[in-house]
Amino acid sequence: MTENKTLVMKFGGTSVGSVDALKNAAQIVKDARAEFSRVVVVTSAMSGVTNLLLDSAARAAKGSMENLSALESNLREKHFSAADSLVADESTREVVKREIDALIHSLVDLCKAMAVLGEASPRALDTVASIGERMSVRLLGAVLNSAGVKSRAVESTEFVVTNAHYQNAHPNFAATTERTRAILHPLLDEGIVPVTTGFIGATMEGAITTLGRGGSDYSAAIIGSVLPADDVWIWTDVDGVMTTDPRIVPNAKTLPEITYSEIAELAYYGAKVLHPKTIRPVVDAGIGLRICNTFNPSHPGTRLIANAALASAAQNGKQIVKAVTAIRNQRLITIEGGGMLGVPGVAARAFGAVASTKTSVPLITQASSEQSICFAVPSESAEGVVNALQNVFAEEIKDEDIDRVWMTDDVSIITVVGVGMSHTPGVAGRVFSQLGNNNVNVYAIAQGSSEVSISMVVAAEEADAAVKALHELIVK
Ligand code: ADP
Ligand code: ASP
Ligand code: MG
């Protein structure tokens, strides 16, 4: 055993989503305990639960309560059947079921309140979404105890302190450090494995917040960095970070190692396997990060490594493009007009208008003539953004300095990533000919300033073809 070494392990939704998965997870924690004296477990909600909760809230906000009893029985069945199979001690099992049942009742009450009000505030939505992790943490805690791992369920709302930016809250690292150490260290000192909720935190005043969808990875990184831990392991349902999403391309291969900047680009450009915010805290704290498969635990998965180490490996020339990824459901918005050259601060005003709609912009290109600015936004925000731009440039449009502000149909952003790309001439050429040879039309291009990625915008219906074609540059 590595004395006094601390490990944070995060289990994703699928990894706690069934009896078999929970059994694997318990065995994985047991095995890790043999290696690390201090282990913290972070869990997601059981798979599908967060979506179910948020869908019900959305329906309730529209006045519909029809699905509430089905929701109740679905959640009860999911959690109770796992508890019945895996929690041996009857009184522990009954306590867990009672606590989960109380959470389900509070969910129903919240949905009824939303139906009466006819609205769901971001704050209320976070409270609803938090219920998934608050149920699974109790279940997993009991499953671990039953498997012989001394553990205690703790809600991260007690120590992950965030601002009040509901649905995308930002941690207050100073307060989080203090509280996490105060709550988790005594448990770890006693040899207990704290099992805590991913995804959620609370404001200083105690209002529940969430860190954004898929945010349990980020929770693990936050907790790992403030403890601090020696290593953070993200347990998911694939063998680590792969050359592309194996759901699109079944022959995708695991990348044994990936650099900070590569994983940052991949995560940012849509590889769901890791939440993009996960990387910063572990890199800043100098902690190891590994992504591995709950359903194939002997596979080493992917290790995150410092940039310099791999830059040289990449120069060996083996793998220039390492991975390809896609962000779907985007639209391109273009502001164009011959008179734009003379309009002061066009870009600043344009992005100010976009920001006022609280929309994030994953990709921007500007023609060098300054006659057009083009950028991507999520489809659901596109109309609001176009309206905001038309308002802000009303004068210029009237004076015909700006001819039009328009948006495309749905598009996808396809990104190829690899640290070796910046040292290798002709990569862009190869990428574009590969798309051309496969009849994929490229609407816009952007290269990351770090030169670790090239992004291309293609029609939504060509996204899979583009990913498959580009993946052939990596795996034949
Ligand atoms: P979890 O619930 O464990 O957090 P997610 O569903 O959020 O799991 O992320 C894992 C999924 O990410 C995989 O099942 C896979 O379909 C998808 N994915 C997308 N891109 C990649 C990639 N490059 N490598 C591995 N998985 C990827
Ligand atoms: N349960 C949350 C979600 O589905 C967080 C996570 O799984 O990472 O978004
Ligand atoms: Mg995830």
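Engineer: Is there a simple way to think about the sheet that holds strand β15 (residues 444–447) in this case?
Structural biologist: Reading across from one edge, β12-β13-β11-β14-β16-β15 is the order of the six strands in this open sheet, with antiparallel pairing throughout. If you trace the sheet from one side to the other, it starts and ends with β12 (363–366) and β15, each paired once. The average angle at which neighbouring strand axes cross in this sheet is 30°, direction not considered. Pairing between strand β14 (residues 404–417) and strand β16 (residues 453–459): seven bridges, direction antiparallel. Bridge pairing links Thr415 to Ser455 in β16. Contacting β11 (323–336), β12 and β13 (372–378), helix α11 (residues 346–356) crosses the sheet at an angle of about 15° to β13.

Engineer: Would you mind showing me how to read the site of ligand 2 here?
Structural biologist: Taken together, Ser44, Thr50, Glu133, Phe199, Arg213, Gly214, Gly215 and Ser216 make up the full set of residues adjacent to ligand 2. Interatomic distance of 2.7 Å between a side-chain N/O atom of Glu133 and a nitrogen atom of ligand 2. Considering ligand 2 on its own, with 270 Å² of exposed area, one finds that the protein chains cover 85% of that surface. Looking at the shell around ligand 2 residue by residue, the classes come out as one nonpolar, five polar and two charged.

Engineer: Could you clarify how one ought to interpret the site of ligand 1 in this entry?
Structural biologist: Lining the immediate surroundings of ligand 1 are 16 residues, of which Thr236, Asp237, Met242, Asp245 and Arg247 lie closest. For ligand 1, a nitrogen atom lies 2.8 Å from a polar atom in the backbone of Met242. Contact between ligand 1 and Asp245: an oxygen atom at 2.8 Å from a side-chain N or O atom of the residue. When grouped by side-chain class, the residues that make up the shell around ligand 1 number six nonpolar, five polar and five charged.

Engineer: What should I look at first to understand helix α2 (residues 49–61) in this one?
Structural biologist: Each full turn of the α-helix corresponds to 3.6 residues, which orients residues three or four apart in the same direction. Under the 1.5 Å per step criterion, the end-to-end length of α2 is 18 Å for 13 residues, consistent within 8% with the ideal 18 Å. Turning to α2, its buried residues are Val49, Thr50, Leu53, Ser56, Ala57, Ala60 and Ala61. Looking straight down α2, one finds its buried side chains confined to an arc of 135°; they lie on one side. Buried residues along α2 sit against α3 (68–86), α4 (90–117) and α5 (122–146). Downstream of α2 by a residue or two, Gly63 has a phi angle that is positive, lying close to 95°.

Engineer: Looking at this structure, how should I read unusual backbone geometry?
Structural biologist: Backbone geometry follows two general trends: most residues other than glycine have a negative phi, and most peptide bonds adopt the trans configuration. Here the amide bond leading from Leu227 into Pro228 is cis, since omega sits at -15°, within 30 degrees of zero. One non-glycine residue, Gln167, lies in the positive phi region at around 75°. Classification of Gln167 by relative accessible area gives partly exposed; the value is 37%. Positive phi is not limited to glycine here, since Lys358 has a value of about 60°. As for its placement among the helices and strands, Lys358 is situated in the loop between α11 and β12.

Engineer: Before we go on, may I ask you to explain the pattern of salt bridges in this structure?
Structural biologist: Opposite charge on two side chains permits pairing when their charged atoms draw close. Under the definition given, this model contains 18 salt bridges. With a closest N to O distance of 4.0 Å, Asp237 and Arg247 form a salt bridge. Of this pair, Asp237 sits in the loop between β7 (231–236) and β8 (257–259) while Arg247 is found in the loop between β7 and β8, placing the two residues ten residues apart along the sequence. Where Lys398 meets Glu395, a salt bridge forms, and the shortest distance between an N and an O atom there is 3.7 Å. In this pair, Lys398 and Glu395 both sit in helix α13 (residues 394–398), three residues apart, roughly one turn of the helix. Residues Lys398 and Glu395 agree in their burial class; the two are exposed. Linked by salt bridges that have partners in common, Glu99, Arg134, Arg138 and Glu155 make up one network.

Engineer: What should I look at first to understand the packing of aromatic side chains in this one?
Structural biologist: The description of two aromatic rings rests on the distance between their centres and on the angle between their planes. By the definition in use, this model includes five aromatic pairs. Here the aromatic rings of Tyr268 and Tyr269 are separated by 4.9 Å at their centres, their planes lie at 90°, and the arrangement is edge-to-face. Joined through ring pairs, the aromatic side chains of Phe11, Phe36, Trp233 and Trp235 make up one cluster. Here Arg290 stacks its cationic end above the ring of Trp233, 4.5 Å away from the centre of that ring.

Engineer: I tried to follow α11 on my own but got confused; where do I start?
Structural biologist: Of all the residues in α11, the buried ones are Val346, Ala350, Ala353 and Val354. Down the axis of α11, the buried side of the element spans an arc of 100°, and every buried residue falls inside it. Across from the buried face of α11, at angles greater than 90 degrees, the exposed residues are Ala348 and Ser356. Where α11 is buried, its residues touch β11, β13 and α12 (379–392). In the segment just after α11, Lys358 is the residue with positive phi, at about 60°.

Cut-off values and rules
Residues numbered from 1 in each chain as written. Chains lettered and ligands numbered in written order. Predicted model: local features only at pLDDT ≥ 70, side-chain atom pairs only at ≥ 80, totals over all residues. Heavy atoms only, no water. Pairing = 2+ DSSP bridges. Helix = DSSP H or I, 4+ residues; strand = E, 2+ residues; numbered from the N terminus. Axes fitted to C-alpha atoms, helices over the stretch in contact; angles between N-to-C directions. Contact = heavy atoms within 4.5 Å. Near = heavy atom within 4 Å. Polar contact = N/O pair within 3.5 Å; in protein donor to acceptor, adjacent residues only side chain to side chain. Areas by Shrake-Rupley, 256 points an atom, 1.4 Å probe, with all protein chains shown as cover. Nonpolar A, V, L, I, M, F, W, Y, C, P; charged D, E, K, R; others polar. Expected span 1.5 Å × (residues − 1). Buried < 20%, exposed > 50% of the residue type's maximum accessible area, 1.4 Å probe, protein only. Arc of directions from axis to C-beta. Salt bridge = Lys/Arg side-chain N within 4 Å of Asp/Glu carboxyl O. Phe/Tyr/Trp six-rings, centres within 6.5 Å; stacked < 30°, edge-to-face > 60°. Lys NZ or Arg CZ within 6 Å of the ring centre and 35° of its normal.

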